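# Survey of secondary and tertiary structure
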Amino acid sequence: MLSGWFVALVASAYVGLLFAVARYGDARADAGRSIISGNVYALSLAVYCTSWTFYGSVGRATSGGLSFLTIYIGPTLMLLFVGVLIKMLRISKTYRITSIADFIASRYGKSQLLAGLVTVIAVIGIVPYIALQLKAVSASLAVLFGQVDAGVLPWWLDSTLLIAAALALFTVLFGTRHLDATERHEGMVAAIAFESVVKLVAFLAVGLFVTYGMFGGLADVFQRAAAVPELSRLLQLDAMQAGSWASLILLSALAIILLPRQFQIIVVENVDESHLRRAVWLFPLYLLLINIFVLPIALGGLLHFGAQSGYADTFVLTLPMAHGAEALAVLVFIGGLSAATGMVIVETIALSTMVCNDLVMPWLLRSTWINAQKRNDLSGLLIGIRRVAIILILLLGYIYFRVAGEAYALVGIGLISFAAVAQFAPVLFGGMYWKQGTRAGAVAGLVAGFVVWMYTLLLPSFAKSGWIGNGFVEHGLFGVDWLRAQSLFGLRGMDAISHSLWWSLLANFGAYVVVSLNTRPDALEAGQAERFVDVFRRAHRETDSLLWRGQASLGELVRLLERFLGPVRAAQQLGAYAAMRGVDNWQRLAVDADLVQFAEGELAGAIGSASARVMVASVTQEEDLGLEEVLDILDEATQVRAYSKELEAKQQALEVATAELREANERLRELDRMKDDFISTVTHELRTPLTSIRALSEMLHEDPRADLADRKRFLGIIVSEAERLTRLINQILDMAKLESGRAEWTTAEVDLGNVAREAMDSLGQLYRDKDVALSGEIPDSGPVVMADRDRLVQVMINLLSNAVKFVATGTGAVKVTVSTDAGMVRVSVADNGPGLTADECSVIFEKFRQGGNTMTDKPQGTGLGLPISRQIVEYFGGALWVESQPGAGANFIFTVPLPAADE
Amino acid sequence: MSKKILIVDDEPNIVISLEFLMKKEGFQVAVAGDGEEALAKVASFAPDLLLLDVMMPKKSGFEVCEALRTDSANSALKIVMLTAKGRETEVAKGLAIGADAYVTKPFSTKDLVVRVKELLGAV
Amino acid sequence: MRQRLAAIGLAGWPLLTFPLLGLPEGNVGGIPMIYLYLFGVWGGLIGLAAWIGERKG
């Protein structure tokens, strides 16, 4: 047998370790480097696995086979409806919800009545469950010390009391650090996650021990069990239990959210919505792993100790001990301790918050005592109330444990507690999705469900324990047969839990719906309904401000905040709010609806929304908005929003259209300018030769007896200017025709080699006159393209005449090359003239622009030759450009595509 | 003593015709082919009247006119602008800059002569 | 993502309740079929949830 001191030492060390982990977690949180990750969050959810999982599952398995799995399948399925969870998280974050009672109360108009009702139901349903955990600890200790019959020790020596005290200390230390309950207790969550790991490790260890240490593996255990008739039935599922199976899955699916400790961990303690992603699968995985070996352990225990062994719950301890694996037994004990303490800690925090905010505070606020106190800082008082609540709840749990002992009222309490919190389901889910749910309906539903639960489950459990007479179970209330507690209205054939669940939920849901449909919500309820159900759609601030009308003074609000949050924290929060509104000093905040809502929100975090509402109402003069008004405002708000979205969309469309128009306008103006320029340039070009012609003609006319030499000269000029003019006009017309696409083209096979030679011939004289060398590298039978011969000749002549204009006399040389390259014919006219700058290379292709240094000489051309040539070449699908460096000559190149080869 | 006329135009043929015309009327004539040359010749030749083309390389007629007008030594100089650009804006600009007359090409030789004589005061 | 997960949840319900639950019989190598079926389907749901939950972002 193990020494008591050794176990005490190990237990104390473990608890000390928990304290250390919690401390570390809080320190990290304070430093802003939260230790809470998706994994930690998911593991903390495993607080769902209490000593009931650790010990009780094996116990259940010995009688019910695999039916214990229902309790874990339910949560798996529920977690998959993650949309519901996200909505709960969003609502709670947005409206600073501190507990499940707060959630329900807030939704139905911040009702203190509902808050109190939910709290009472929770306390009544959960305190026995806490007692069960303490019982499990006590039982496990007894096994370790070899005391089969756990005699009752005097209370001052009772180790369970010590443990309860340690838990109280832990919870007080790590669960009430801050007043604002929406501040998370990250240290506690870290410790819980740590405990989850310990639980899993311990259980897997004993599972492996039994399966592979005591037996030859899974198959071996099952086969051996199958050989024993009483055990073989445990290997099947009883199809008669179908209804029970389904209802237990439903029950556990609800419990995973509605148990106060679960709500606390999942919703209130959540750090980041995205952690849900991990939790969705990691937590069910945990559940799966911790359950794999339950049935093998149960079977192993039955095989080992015989089919009529006593306490199957403690197989996880007795089996290792029977084989001398004492270290393993201690590990398992620690695992069980983790399971129990985890549940107790979180459940107690959750309950104490509810008791403080939703039960005590409303009552206190009504009493004159608190106003008589006139203390300016009630924050200490609030924390004190929380701590007292924690101690009281644990005390109650311990007392129930001592009093109830072995009674069914304790042992069977697990599912009974589940059924109690299941009563929150209609009002909670209804509140999230159905705007018609009213406070009256919620109260009716809760009361109806609670009463039925009490009658069909709780009281019968007392009766089974012998505390009260069982007449109402056997014969029905007042002897009326169909009011028999466990087969109401003749519904037989279901186990007690399913039976109760069915009737209580029916009553609950029925009352909720019927009463809600027949009552009208008041303004506050309606507003809250909108806020909750539409939480994803509304930016909550705006709705809040819209729905509040009244007057308040900044001083009063600040005093209120200081009273309940403490001056330091109040100043902090006010400062943050002011910064958010863009005001540098919070004392200069405008007192508007927004500020009042902010203050109320802050208070709600400390004392619950119901009480916060009452307090704020007491310091402000509010206009009571009628229901109609509220609905109208909300309606308007929706409309306005829809309208403004429309406007925004229209405005954007308008902007786009304007931008497009502006662009088009620019382009038109540009074109207009270009047109103007063109016309003005053309007129200038035309008038210049005309001027000489006219002047000289007039002079000749005036003076017919002028000198013959002069006359000849003048006439010569007149003729050449006339020619120039004609050329110019022709080119302008040509250009116009080409650009407008009205030119006439004759397309035929054209030998480019011949074209080049022809052009060279026609200009030959000009070249000789200027003494410029003209050479060509042209194939004899030149490449053939489909084009207009005359036009191509025109282009060649243009290029050649340009070249000869610019090269120097005597040294000038121009070379023509005709070649083919990649499906195109390439013709180049290269000269060794002065060359062109990079700018000029593009400018010369513009109309009326001419190359050469316009500062030194005025060439004779019209400035249209190159643009026309380019138009021609491009018409046939080619390109015309120049490559040149200043001082290194110019090379004009044009390409014409070869016709596609016809095979 | 006959008046001196400076002809400024970058078109050689126009220069020839103007030169002949003015010489026939008995004026002393000098020519310049661009704006810079014009300014130089004004300084050296000291004409009484300028026949000034607008569209020229180096310095445009407007620039030349402006330059001459800023120098008060030239206040007696008459400037006649000749140009193919006949838009109203151009005319106004020319006169604003300080030209004494603005003639569009092609011009009538008779009219031009009359104008010149008017400006020079010789009838 | 929410919808896919909810769909898995809805699919899980018939898979893990009667009448489908009554089908697996006998055993495989000594291990009862029902045991394997339950843990198998359960594990499968978890796996699917993990794949969907972790995939996006």
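Being a predicted model, the structure only gives us computed values, none of them experimental.

Assigned secondary structure in chain C consists of two helices and two strands. For chain C, the N- to C-terminal ordering of α and β elements is α-β-β-α. Split into buried and exposed, the 57 residues of chain C put 44% on the buried side. Once local pairs closer than 6 in sequence are excluded, the contacts in chain C between residues at least 24 apart make up 50%. Counting every atom, chain C has about 2900 Å² of accessible surface; 67% of that belongs to carbon and sulfur.

For the rest of this paragraph, the subject is the interface of chain B and chain A. With 22 residues of chain B in contact, the opposing surface of chain A contributes 23 residues. In total, chain B and chain A occlude about 2200 Å² of area from one another, counting both sides; carbon and sulfur atoms represent 62% of this. The tally of links between chain B and chain A comes to two salt bridges. A:Arg724 is the partner of B:Glu11 in a salt bridge, and the nearest nitrogen-oxygen pair spans 2.9 Å. In this assembly, chain B and chain A are joined by six residue pairs in polar contact (both at pLDDT 80 or more). Taken together, the elements giving at least two residues each to the side of chain B that touches chain A come down to helix H1 (12–25) and helix H5 (109–120) of chain B. Examining the composition of the side of chain B that touches chain A, we find that seven residues originate from one element, H1(B), more than from any other. A breakdown of the residues in the side of chain B that touches chain A according to their chemical character gives nine nonpolar, five polar and eight charged.

Our focus in this paragraph is the interface of chain A and chain C. At the interface, 37 residues of chain A touch 30 residues of chain C. Here chain A and chain C share an interface that buries about 3000 Å² over both sides, 79% of which is from carbon and sulfur atoms. Joining chain A to chain C, the criterion identifies one salt bridge. When the shortest N-O distance is used, the salt bridge between A:Arg278 and C:Glu54 registers 2.6 Å. Where chain A packs against chain C, one counts five residue pairs in polar contact (both at pLDDT 80 or more). Residue assignment for the side of chain A that touches chain C shows that the elements contributing at least two residues are helix H4 (70–80), helix H5 (82–94), helix H10 (218–227), helix H12 (242–258), helix H14 (275–292) and helix H15 (294–305) of chain A. Looking at the side of chain A that touches chain C residue by residue, the classes come out as 29 nonpolar, five polar and three charged.

Further remarks concern the side chain of B:Ser108. Relative to the assigned elements, B:Ser108 resides in the loop between strand E5 (101–104) and H5. Not counting residues up to four positions away in its chain, the partners in contact with B:Ser108 are A:Arg694 and A:Glu698.

Once that is clear, we can look at a nonpolar patch on the surface. Residues and elements named next belong to chain A. Judged by side-chain polarity, Val388, Leu392, Leu395, Ile399, Val403, Trp467 and Ile468 come together as a nonpolar surface patch covering roughly 630 Å² of accessible area. Along the chain, tryptophan 467 turns up in the loop between helix H23 (439–464) and helix H24 (471–474). Residue tryptophan 467 is classed as partly exposed on the basis of its relative accessible area of 37%.

Our focus in this paragraph is the pattern of salt bridges. Between side chains of opposite charge, pairing is possible as soon as their charged atoms come close. Residue and element names in this part refer to chain A. Summed over all chains, the structure comprises 28 salt bridges over all chains. The closest approach of N and O atoms between arginine 713 and aspartate 710, which form a salt bridge, is 3.9 Å. You can see arginine 713 and its partner aspartate 710 sitting in helix H33 (residues 708–740), three residues apart, about one turn around the helix.

Residue and element names in this part refer to chain B. Across the sheet, which stays open at both edges, the five strands sit in the order E2-E1-E3-E4-E5 with parallel pairing between neighbours. In the strand order of this sheet, the two ends are held by strand E2 (28–32) and E5, each with one partner. Each strand axis lies, on average, 20 degrees off the axis of its neighbour in the sheet, ignoring direction. In the sheet, strand E4 (residues 78–83) pairs with E5 via four bridges, with the strands oriented parallel. Within E5, the position partnered with valine 80 by the bridge is alanine 101. Where H1 meets the sheet, it contacts strand E1 (4–8), E2, strand E3 (49–53) and E4, and its direction lies at approximately 165 degrees from that of E2. Seen against the sheet, helix H2 (residues 35–45) touches E1, E2 and E3 and runs at an angle of roughly 150 degrees to E2.

To continue, consider the pairing of E2(B). All names here are of chain B. Taken together, the five bridges between E1 and E2 define a ladder with parallel strand orientation. Considered in E2, the bridge of leucine 6 is made with alanine 30. Between the parallel elements E1 and E2, the chain passes through H1 in a crossover that is right-handed.

This brings us to the sheet that holds strand E6 (residues 813–821) of chain A. All names here are of chain A. The sheet built from five strands is open, its strands ordered E4-E6-E7-E9-E8 with mixed pairing. Lying at the two open borders of the sheet, with one neighbouring strand each, are strand E4 (773–777) and strand E8 (879–884). Each strand axis lies, on average, 15 degrees off the axis of its neighbour in the sheet, ignoring direction. Both E4 and E6 contribute to a ladder of five bridges, which runs parallel. By the bridge assignment, serine 775 is partnered in E6 with lysine 815.

This part is about the environment of A:Ala570. All names here are of chain A. Secondary-structure assignment places alanine 570 in helix H29 (residues 567–581). Between the C-alpha atom of alanine 570 and that of leucine 603, which follows or precedes it by 33 residues, the distance is 9.8 Å. Discounting residues that sit within four places of it in the chain, alanine 570 has contacts with Leu561, Glu562 and Leu565.

Here we take up the pairing of strand E9 (residues 890–897) of chain A. Residues and elements named next belong to chain A. Within E9, seven of the eight residues are buried, which leaves the element mostly enclosed by the surrounding structure. Of the strand pairs in this sheet, strand E7 (residues 824–831) and E9 are connected by eight bridges, and their pairing is antiparallel. Note on E9: the bridge partner recorded for alanine 830 is asparagine 891. Alignment of E8 against E9, held across six bridges, turns out to be antiparallel. What sits directly across from glutamate 883, in E9, is asparagine 891. Adjacent in sequence and paired antiparallel, E8 and E9 are bridged by five residues, among which glycine 887 carries a positive phi angle near 85 degrees.

What counts, and at which threshold
- Residues numbered from 1 in each chain as written.
- Chains lettered and ligands numbered in written order.
- Predicted model: local features only at pLDDT ≥ 70, side-chain atom pairs only at ≥ 80, totals over all residues.
- Heavy atoms only, no water.
- Helix = DSSP H or I, 4+ residues; strand = E, 2+ residues; numbered from the N terminus.
- Buried < 20%, exposed > 50% of the residue type's maximum accessible area, 1.4 Å probe, protein only.
- Contact = heavy atoms within 4.5 Å.
- Areas by Shrake-Rupley, 256 points an atom, 1.4 Å probe, with all protein chains shown as cover.
- Buried area = accessible area lost by both parts, 1.4 Å probe.
- Salt bridge = Lys/Arg side-chain N within 4 Å of Asp/Glu carboxyl O.
- Polar contact = N/O pair within 3.5 Å; in protein donor to acceptor, adjacent residues only side chain to side chain.
- Nonpolar A, V, L, I, M, F, W, Y, C, P; charged D, E, K, R; others polar.
- Patch = residues over 30% accessible without salt bridge, like charges linked within 9 Å, V, L, I, M, F, W, Y side chains within 5 Å.
- Pairing = 2+ DSSP bridges.
- Axes fitted to C-alpha atoms, helices over the stretch in contact; angles between N-to-C directions.
- Right-handed = clockwise from strand over helix to strand, strands pointing away.

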